[in-house]
Amino acid sequence: MKNSCLFLSIAFLLVKTSFGQNFAWTVADNYLNLATSPVDPVIDQEGNIYVAGQCSYDGRDPNQPDTTRGFFFNKYSPQGDIIWSKLSLDYDPRIAINRNLNEIVISSIGKDGYDISKYDYDGNLKYRENIIGLNGTVPRGYIRGLSIDGENNCFLVGVLIEETINIGGFTINNGINESHFFVVKFNDENKVQWVQKSNSGHVHTHTGIRTDKSGNAYVYGNFIGNITVGEFAEKSENSNGFLAKLDGNGTFKWLINIGAKSQDLVSSATLNHDGSSIYIIGFHSNTFMLDSFVAEVRGQNEGNVFLCKISNGGKIENVKSIGASNLDVPGGIFCTSDSDIYFTAGFRQSTVISGSTFSSNSILFEPYLAKLDQALNLKWLTKTGASTSTEAYAGGVTADENSNIVFTGQFIGALDFAGQPQKANTRSMYVAKVNDKEGFYVREMSTINEHDFAIYPVPSTGDFQVRYRLNNPSRIDIQVKDESGKSIKNLSKESIKGENVVDLHLPNNCLGVHYVTLIIEGKKVAKKQLIKK
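Quick caveat: nothing in here was measured; it's all calculated off a predicted structure. (Residues numbered from 1 in each chain as written. Predicted model: local features only at pLDDT ≥ 70, side-chain atom pairs only at ≥ 80, totals over all residues. Heavy atoms only, no water.)

### Some words on unusual backbone geometry
Trans peptide bonds make up most of the peptide bonds, and negative phi angles are found at most residues other than glycine. Of the consecutive residues Tyr 456 and Pro 457, the connecting peptide bond is found in the cis state with omega at -5°. Note that Pro 457 resides in the loop between strand 42 (453–456) and strand 43 (463–470). Residues other than glycine seldom take positive phi values, yet Asn 102 does so here, at roughly 55°. Here Asn 102 lies in the loop between strand 9 (91–98) and strand 10 (103–110). By relative accessible area, Asn 102 is classed as partly exposed at 36%. One non-glycine residue, Gln 349, lies in the positive phi region at around 70°. Examined against the element boundaries, Gln 349 turns out to sit in the loop between strand 33 (341–347) and strand 34 (350–353). (Helix = DSSP H or I, 4+ residues; strand = E, 2+ residues; numbered from the N terminus. Buried < 20%, exposed > 50% of the residue type's maximum accessible area, 1.4 Å probe, protein only.)

Right under this line is the structure:
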């Protein structure tokens, strides 16, 4: 069954400024107060970038003053210009791209529970269906990851909360006082093909899934105590990570315990182009051994990032530890078609990778992007340039076939990005693009506040001017609504730097109080207008 999805559309344009050589561009969307970092970004065949994440937001609809939680869904051009931006009243999104069908797949919590939605590249809704209901206001299970295989099948992974849920006619049973993960395979016609799950144990809600071109699925996550999948079982004395493989028919092929007696957690995973290797990034709080490979913590009562390479047959091929004496925090990881590996992480004061030491001004956390070879040796690292008091975290990372790497995250404070700073007073999103072979440029945000915006005359008979001043050329949206919230007029205008004047004419039957709203780069500024005859 298809349902409608309420989005609040936002339009804004970012202005290009040239500098340096590492970052192609960066943007910082300051209208969003992020609840979590953006989920993994995705790139389509033309290099356009799609980013989503959970947030609260300012500039709310005056008729919905209590609606603050939701998720944003943005599309950027390869040059970093915003093509469209949406805010949904749903929350907790996960995102995947199907390049064969030119569509974006999103899972999110709506008013009835978890829904699966599909959008075309223009942001138009193609399909939406509820798959997990609510128990009161709490979902019966949580969806934690999406992935598309080479045959257009969509895989989702989640964690059970209720004792029993039903998805597509398949019943999934949870253990008593346990939390199992489950995997669902949908075909390209949105029909459930099979459902599989772990048989026992306590799985954390942070799980994810990756698929290869042959239809195999790899589930990663974290557990405490024990975990059983099919005929395979593992135990942990604390929180450990795990990686499990399923074939295209839903049969578990192997299970790996990633960690030791301390807290060792998996953050993200990626597959190389032919599916022969899986790369994992995570956090470890103490020294541990996987087969003959040792991950050693350098910190004192802190923790480091680890990287792990595993064959598709379940054999540990390499393990590396990253960090110094302070805490390091993992982000995302991605392997390109050329088998180049990129990952994001955050560090405090200093970190050590492949014998090289890097320092930060931040006493909290500074994100970075790094490139590795297939042996997990460092090829280069670029920092985001955090100031002393900045708190910033790394999110997901992806890349296209032309050596363009895109990574996301969240920050409060200032990030320098090699000489072109981005600032945020509340927890905000950044999106950065790096080309491994070319130069780069960065985006400067346009701004407006209520002192730069006026309407004249007030009151009016229906003909009046909207006057505003911009610090940069930009596209601006103007909305007029009556007191009930009914839309009276909407228009978009390419505006110049400095003074701008727009003449508006409202229909003759429009009387009473109206609200005129300007929208630029997600920020809304509103004025009241009284129409009388």
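### Quick notes on the packing of aromatic side chains
Working definition: an aromatic ring pair is given by the centre-to-centre distance plus the angle between the planes. Tallied over the full model, the rule gives 16 aromatic pairs. Geometrically, the ring pair formed by Phe 155 and Trp 194 is edge-to-face, given 5.9 Å between the ring centres and 65° between the ring planes. Of this pair, Phe 155 sits in strand 16 (residues 154–160) while Trp 194 is found in strand 20 (residues 192–197), placing the two residues 39 residues apart along the sequence. We note that Phe 155, like Trp 194, is buried. Ring geometry for Phe 407 and Tyr 430: centres 6.0 Å apart, planes at 75°, overall edge-to-face. In this pair, Phe 407 sits in strand 39 (residues 404–415) while Tyr 430 sits in strand 40 (residues 422–435), placing the two residues 23 residues apart along the sequence. Taken as a pair, Phe 407 and Tyr 430 share a single burial class, namely buried. Members of the aromatic cluster, each reached through a chain of ring pairs, are Tyr 50, Phe 73, Trp 84, Tyr 119 and Tyr 121. The ring of Trp 84 carries Lys 86 above its face, with NZ or CZ at 5.5 Å from the centroid. (Phe/Tyr/Trp six-rings, centres within 6.5 Å; stacked < 30°, edge-to-face > 60°. Lys NZ or Arg CZ within 6 Å of the ring centre and 35° of its normal.)

### Description of the pairing of strand 31 (residues 316–322)
Burial runs high along strand 31: 5 of the 7 residues are buried. Sheet topology note: the strand 30 (residues 304–311)/strand 31 ladder contains 6 bridges and is antiparallel. The residue of strand 31 that forms the bridge with Lys 309 is Asn 318. A loop of 4 residues connects strand 30 with strand 31, the two strands running antiparallel in sequence, and Gly 314 in this loop sits at a positive phi of about 90°. (Pairing = 2+ DSSP bridges.)

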